[in-house]
Amino acid sequence: MARGTLRIYLGAAPGVGKTYAMLAEAHRRVERGTDCVVAFVEHHGRPRTEVLLHGLEQVPRGRLEHRAAVFEEMDVDAVLRRAPAVALVDELAHTNVPGSRNAKRWQDVAELLAAGIDVVSTVNIQHLESLGDVVESITGVRQRETVPDEVVRRADQIELVDMSPQALRRRMAHGNIYAPDKVDAALSNYFRPGNLTALRELALLWVADRADEYLTEYRSAHRVSAIWGSRERIVVGLTGGPEGRTLIRRAARLAEKGAGGEVMAVYIARSDGLTSASPKELAVQRTLVEDLGGTFHHVVGDDIPAALLDFARGVNATQIVLGSSRRKAWQYVFGPGVGATVARDSGPDLDVHIVTHEEAAKGRGLPVARGGRLGRARILWGWAVGLAGPVVLALGLNTAGLGLANDMLLFLAVTVAAALLGGLLPALASAAFGSLLLNYFYTPPLHRLTVADPKNIVAIAIFFGVGMAVSSVVDLAARRTDQAARLRAESEILSFLAGNVLRGETSLEELLERVRETFAMESAALLERESDVAPWTCAGRAGFGPPLERPEDADVDMPVGDHMALALTGRVLPAADRRVLAAFAAQAAVVLERRRLQEEADRSRALAEGNRIRTALLAAVSHDLRTPLAGIKAAVSSLRSDDVAWSEEDRAELLEGIEEGADRLDHLVGNLLDMSRLQTGTVTPLIREIDVDEVVPMALVGVPEDGVDLDVPETLPMVAVDPGLLERTVANLVENAVKYSPRGRRVLVAASAIADRVEVRVVDRGPGVPDEAKERIFEPFQRYGDAPRGAGVGLGLAVARGFAEAMRATLTAEDTPGGGLTMVLSLRAAGPRPEPLPAGEPRTEPERHTI
């Protein structure tokens, strides 16, 4: 008998519509003539889901008695006897009642599949066994009902049922998921936007991983070969040629295949300034890689493959993307090229991608500069050609007999080749050596160093002079080209540096890191001192082990003014590089000065804010402080007056007015003092572990008993707070909520544990606050709407947030479902309570799952 197929609707969260989608699929199959039955579906009282059950055959459920209660479970035997083509089984992770045929429902499903029955089932992402710890860290709730991942992975079809957190919360608020009396608690706890977003991401990533498995199986079965990318750090090697844009886009696509991918484009310039790169093209490529979210790096190195590999290993890269060489086929006689060398030396930890492009094998397209600072290998080749070339040529010409004029032209060609390769000195040696060989082998008398014909002496002299002249011209042109290329590279670096600094895009540390990368140094530091005898201090540094005591301890010391210096370690720079380094040093001083000016501006802004607050304080005190004082004075004067005989009721009313005015003054002065402490930074919390249920009730002293509902469980974990600050914070929040709540509507103060936090929520049913004003209400001297001046100076919420931040807590405002405002105070949990929860403690179980 063929095994049945399993189709699973995987939900990102409870209430997204898994059961609804499963029942809709059942109706489609029934309409096509498929024998489909409902083995077990729970509609949880949701009308739309219950309607879809009509018209579908339902197998009677089994009834089991457990602890004096009767439970209904799926009757596996009844389903097997009915033997439908398709069975609908809801809640795959469900735990069966003790005494059932199997402990878990997924085991019941396995029996149906073994009997050849196709099964359509549902499960939520939080019930996968491997995600238990992750879900608990997000929601603060441990899932007790789980299903092994392998059961779900073996499904023949998996369909994700998804919904945005906002849409799901709207469904919840409209009563489409839970009963109205459970909506507020669910929205405030498990169905918070952050929780739903995290669960949604888990579901998407898990399904994407499963899709990769399907695709891998398909490729293996059909022998498909393709390039795969992953979440990697990818280094793109740029030459400054037009193919760079193709490489950058290719690397960006590789990075997008997985979360966390990073693209780092690097251009390596030789230390002598020789380059074939177009500054304009490099600028375009730098803009492109930054627009794609990557970074651009400019590195100096004579050995380009080694410098590229050193950079990649230094940034912990896992992939390198290079373009196919633009060299023509005959140019490979000079070496394997950068791409082949990098691939050969990359080792097992670095993957190298060689990307084809339209410029491949078309030549460099840009003039390759040659210069006087040629490097050891070029100079050795020049001497080899200059000394060995004439000997080889002389041996060949002995049998050719081309004539003295042709022989001289050939020797002159060898001299020019020596000049192009090794510069002036190898060319001069080649000219002198060639003159001697011409005299010895081709000028009568042969094989002697004498010249019989004076005309030949003139010819040899002219040959030597032409050789010297050609060598000098070639060497001078190479040096001028070297200077031009170096100046171009310097101007490019300096223009990039100046642009970033002027735009304020570079911090001091980033600039020093740029210096270290550009000159291939180990570290860079900007040192300064107040006077000639004062000790040096480090204003900023980059790299490992920079000199921090004296600039003289560094390998390179570049002074900036009288009391500042840029110090680098790693190697000694040539004199030609110090000009660019001096520009870097000057810009570093500018960045440091700008940072200090910014800090000074921030301090000035803080002072201006303090002046604004003091001005507002004086304006508020002028009315809100004088009003209760005037009332108290009037009441006292009336009581002391002998002109009026006050009744006991009148005296009690006047005394009550005095008491209310004094309380108002006490509250006002307390808030003013608290705000002044917050503004001056003198609030020092004494953090200790305490139970929330010990502090919150104390904050409600003075609030009418019929005005607040308190829901603070004793089973909450302890919190790390300052009890006094917490009490003042909650008191201000409750006072604000009571002030704006309609008459007869009670304020709810509830607390719950969410992951490693404990949240205290103060919920009112007042007019609420629009989203754009939710942050503004926490500013000092802010009254919402048309609140009268007598409602206070607007410091309560500002003080509450200040105290919360002092305890490393957070205070935010949210909309209350159904209207109103909810203040959410999130506190750090100190750890689990020493006593565990009682066995069998009931919890909310939406969709019959514990969440």
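Residues numbered from 1 in each chain as written. Predicted model: local features only at pLDDT ≥ 70, side-chain atom pairs only at ≥ 80, totals over all residues. Heavy atoms only, no water.

1. Observations concerning the sheet that holds strand β17 (residues 564-569)
Sheets are built from strands that pair by backbone hydrogen bonding, the pairs being arranged parallel or antiparallel. If you trace the 4 strands from one edge of the open sheet to the other, you get β15-β14-β17-β16, paired in antiparallel fashion. Looking at the sheet topology across the chains shown, the edges are occupied by β15 (537-543) and β16 (556-559). Neighbouring strand axes in the sheet, compared pairwise and without regard to direction, differ in orientation by 15° on average. Here β16 runs beside β17; their pairing, made up of 4 bridges, is antiparallel. Following the sheet pairing, V556 is matched in β17 by L568. Sheet strands in contact with helix α18 (residues 508-518) are β14 (523-528), β15 and β17, and its direction is about 55° off that of β15. (Pairing = 2+ DSSP bridges. Helix = DSSP H or I, 4+ residues; strand = E, 2+ residues; numbered from the N terminus. Axes fitted to C-alpha atoms, helices over the stretch in contact; angles between N-to-C directions. Contact = heavy atoms within 4.5 Å.)

2. Topic: the packing of aromatic side chains
Scanning the entire structure with this criterion turns up 0 aromatic pairs. The ring of F40 carries the charged tip of R61 above its face, separated from the ring centre by 4.1 Å. Above the plane of the ring of F40 lies R105, whose end atom (NZ or CZ) is 4.1 Å from the centre. (Phe/Tyr/Trp six-rings, centres within 6.5 Å; stacked < 30°, edge-to-face > 60°. Lys NZ or Arg CZ within 6 Å of the ring centre and 35° of its normal.)

3. Regarding the packing of helix α21 (residues 692-699) against helix α22 (residues 723-740)
In the contact formed by α21 and α22, the axes pass within 8 Å of each other and the chain directions differ by 50°. Taken as axis vectors, α21 and α22 run oblique relative to one another. By crossing handedness, the relation of α21 to α22 is classed as right-handed. For the pair α21 and α22, contact is made by V695, V696, M698 and A699 and by P723, L726, E727, V730 and A731, respectively. Along the lines of polarity and charge, the residues of the contact of α21 with α22 split into 8 nonpolar, no polar and 1 charged. (Parallel < 35°, antiparallel > 145°, perpendicular 65-115°, else oblique. Left-handed = near helix turned anticlockwise from the far one by under 90°. Nonpolar A, V, L, I, M, F, W, Y, C, P; charged D, E, K, R; others polar.)

4. Brief notes about the packing of α22 against helix α23 (residues 796-806)
The N-to-C vectors of α22 and α23 enclose an angle of 150°; their axes lie 9 Å apart at closest approach. Between α22 and α23, the angle is such that the two are roughly antiparallel. The two elements α22 and α23 cross, and the hand of that crossing is left-handed. Where α22 abuts α23, its residues L725, R728, T729, N732, L733 and N736 lie against G796, L797, V799, A800, F803, A804 and A806. The class makeup of the residues in the contact of α22 with α23 is 8 nonpolar, 4 polar and 1 charged.

5. Quick look at the pattern of salt bridges
Scanning the model with the defined rule gives 25 salt bridges in all. Between R28 and E25 there is a salt bridge, and its shortest N-O distance comes to 2.7 Å. Within this pair, R28 and its partner E25 are both found in helix α1 (residues 18-31), separated by 3 residues, close to a single helical turn. Residue classification places R28 among the partly exposed positions, given a relative accessible area of 39%. With relative accessibility at 8%, the residue E25 sits in the buried group. Linking R63 and E72 is a salt bridge whose minimum nitrogen-to-oxygen distance equals 3.3 Å. (Salt bridge = Lys/Arg side-chain N within 4 Å of Asp/Glu carboxyl O. Buried < 20%, exposed > 50% of the residue type's maximum accessible area, 1.4 Å probe, protein only.)

6. Notes on the environment of L797
Here L797 shows up in helix α23. For the pair formed by L797 and N732, sequence separation is 65 residues and the distance between their alpha carbons is 6.6 Å. Sequence-distant contacts of L797, defined by excluding residues within four places in its chain, comprise L733, N736, I777, F778 and M823.

7. Digging into α21
Those residues of α21 not exposed but buried are V692, V695, V696 and A699. The buried residues of α21 occupy one face: seen down the axis, they fall within an arc of 95°. On its buried face, α21 is in contact with β18 (688-690), β19 (708-711), β20 (718-721), α22, β21 (747-754) and β22 (757-763). (Arc of directions from axis to C-beta.)

This is a description of form; function is not addressed.
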